[in-house]
Amino acid sequence: MSNYDDKAAVILEMLHRDCRKSLEEMATMLDMQMDEIAGIIDRLEKDGVIIGYGARINWDKANGANVVTAYIEIKVTPQRDQGYDRIAERIYQYPEVKAVNLMSGAYDFGITVEGKNIRDVSLFVSEHLAPMESIVGTATHFVLKRYKYDGVVCSKPEKDRREVISI
C-alpha cells in the first residue's frame, strides 16, 4: 500500500469518527501539514470516496423529533437488460428512503426508510413499493429501540432500581 493510501485511510477513519475535527487538529495528531491533509481530503471527495458529512443523531433523545425507522426487505424480478441497478435507482429516488443495499439471501434488497409514524411508512410501502412491477414481495421491520448506530452506542441499559426483597 502506498504512502497516500495509508495516510488517506487514517484520515478517513478520523473523519468517520468525528467529521468536526479541524485540519489543524488532524495535522497535529498525524504530524502532517494542513495543506497535505486538505489535499488528501479534496482528492477523496473528488474520487467519490467521501460522499458526505453529517452527525449521527439519537432521534429518541431529540426533543420533539418524530422519526420512525423501518428496515424493508424486498424480493424482485429483475427486468431484462436492466438488472438490479434500474430497480435500485427507482427506489432510492424517494426522499423517505435513506439506504438501499443489494443483498444475498432470500431477499434481493434491504432498504432503510424513515417516516413521521408507522402509518407513513406503511403507506409508503403500500403506495410506492408494492405497486412496482418488479417487486414480488416485501417484509417490513420497524425499529423499536436503537442501542448502537454506526459504531456509536446510543442507549445503554438502565440500572434496575427495584428493591431486592428476599423471603
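In the block above lies the structure referred to throughout.
The notes below deal with the structure included here. (Residues numbered from 1 in each chain as written. Predicted model: local features only at pLDDT ≥ 70, side-chain atom pairs only at ≥ 80, totals over all residues. Heavy atoms only, no water.)

### Section: the overall build of the protein
Each helix and strand counted, the protein has 5 helices and 6 strands in total. The helix and strand sequence of the protein, counted from the amino end, reads α-α-α-β-α-β-β-α-β-β-β. Here the C-alpha atoms of the protein give a radius of gyration of 21 Å, more than 25% beyond the 15 Å that 2.2 N^0.38 yields for 167 residues. Referenced to the eigenvectors of the C-alpha coordinate spread, the extents of the protein come out at roughly 70 × 55 × 30 Å. For the protein, with 167 residues in total, the buried portion stands at 24%. Taking all contacts inside the protein whose residues are at least 6 apart in sequence as the whole, residues at least 24 apart take part in 59%. About 12,300 Å² of surface is accessible on the protein, with carbon and sulfur atoms providing 49% of the total. Taking the average place of the 22 positive charges on the side chains of the protein and the average place of its 27 negative ones, the gap between the two points comes to 6 Å. (Helix = DSSP H or I, 4+ residues; strand = E, 2+ residues; numbered from the N terminus. Rg over C-alpha atoms; globule rule 2.2 N^0.38 Å. Buried < 20%, exposed > 50% of the residue type's maximum accessible area, 1.4 Å probe, protein only. Contact = heavy atoms within 4.5 Å. Areas by Shrake-Rupley, 256 points an atom, 1.4 Å probe, with all protein chains shown as cover. Lys, Arg positive; Asp, Glu negative; His and termini not counted. Charge placed at Lys NZ, Arg CZ, Asp CG, Glu CD.)

### Some remarks on the nonpolar core
Counting residues in each nonpolar core, the largest one holds 18 residues, and the members touching the most others are I72, I74, I91, F109, I111, V113 and L129. Elements that contribute at least two residues to this core include exactly β1 (68-76), α4 (83-92), β3 (109-115) and α5 (118-129). Looking at which element gives the most residues to this core, the answer is β1, with 5 residues. Residues A8, I37, I40 and I50 belong to the second largest nonpolar core, which totals 12 residues. (Core = buried A, V, L, I, M, F, W, Y, C linked by side-chain atoms within 4.5 Å.)

### Topic: the layout of surface pockets
Considered as a void within the structure, the largest pocket measures approximately 500 Å³ in volume. Along its surface, the largest pocket is lined by 17 residues, and L15, H16, G52, G54 and R56 are the ones closest to its centre. Partitioning the lining of the largest pocket into residue classes produces 9 nonpolar, 3 polar and 5 charged. In this structure, the second largest pocket occupies an estimated 230 Å³ of space. A55, R56, I57, W59, T69, Y71, K98, A99, T112, E114, R146 and Y149 together form the lining of the second largest pocket. Elements with a minimum of two residues in the lining of the second largest pocket: β1, β2 (97-102) and β3. Each residue belonging to the lining of the second largest pocket can be placed in one class, and the counts come to 6 nonpolar, 2 polar and 4 charged. (1 Å grid on protein atoms, 1.4 Å probe; cavity = no way out; pocket = protein on both sides within 12 Å on 5 of 7 lines; lining within 4 Å. Points joined across faces, edges and corners; volume = space filled by probe spheres on them. Nonpolar A, V, L, I, M, F, W, Y, C, P; charged D, E, K, R; others polar.)

### A look at the packing of aromatic side chains
Each aromatic ring pair is described using two quantities: the centre-to-centre distance and the angle formed by the ring planes. Counted by the stated rule, this structure contains 2 aromatic pairs. Ring centres of Y94 and F124 lie 5.3 Å apart, and the angle between their planes is 80°; this geometry places the pair in the edge-to-face category. Here Y94, found in the loop between α4 and β2, pairs with F124, found in helix α5; they are 30 residues apart in sequence, far enough to count as distant. The ring of Y107 has K75 lying over it, and the distance from NZ or CZ to the ring centre is 5.3 Å. (Phe/Tyr/Trp six-rings, centres within 6.5 Å; stacked < 30°, edge-to-face > 60°. Lys NZ or Arg CZ within 6 Å of the ring centre and 35° of its normal.)

### What to know about the pairing of β1
Two faces make up the sheet, and in a regular strand the side chains alternate between them. Across 7 bridges, the pairing between β1 and β3 is antiparallel. Within β3, the position partnered with V68 by the bridge is G115. Relative to strand β4 (residues 135-142), β1 is paired through 7 bridges, and the arrangement is antiparallel. Looking at the pairing, I74 lines up with T138 of β4. (Pairing = 2+ DSSP bridges.)

All we've got here are geometric facts, nothing functional implied.
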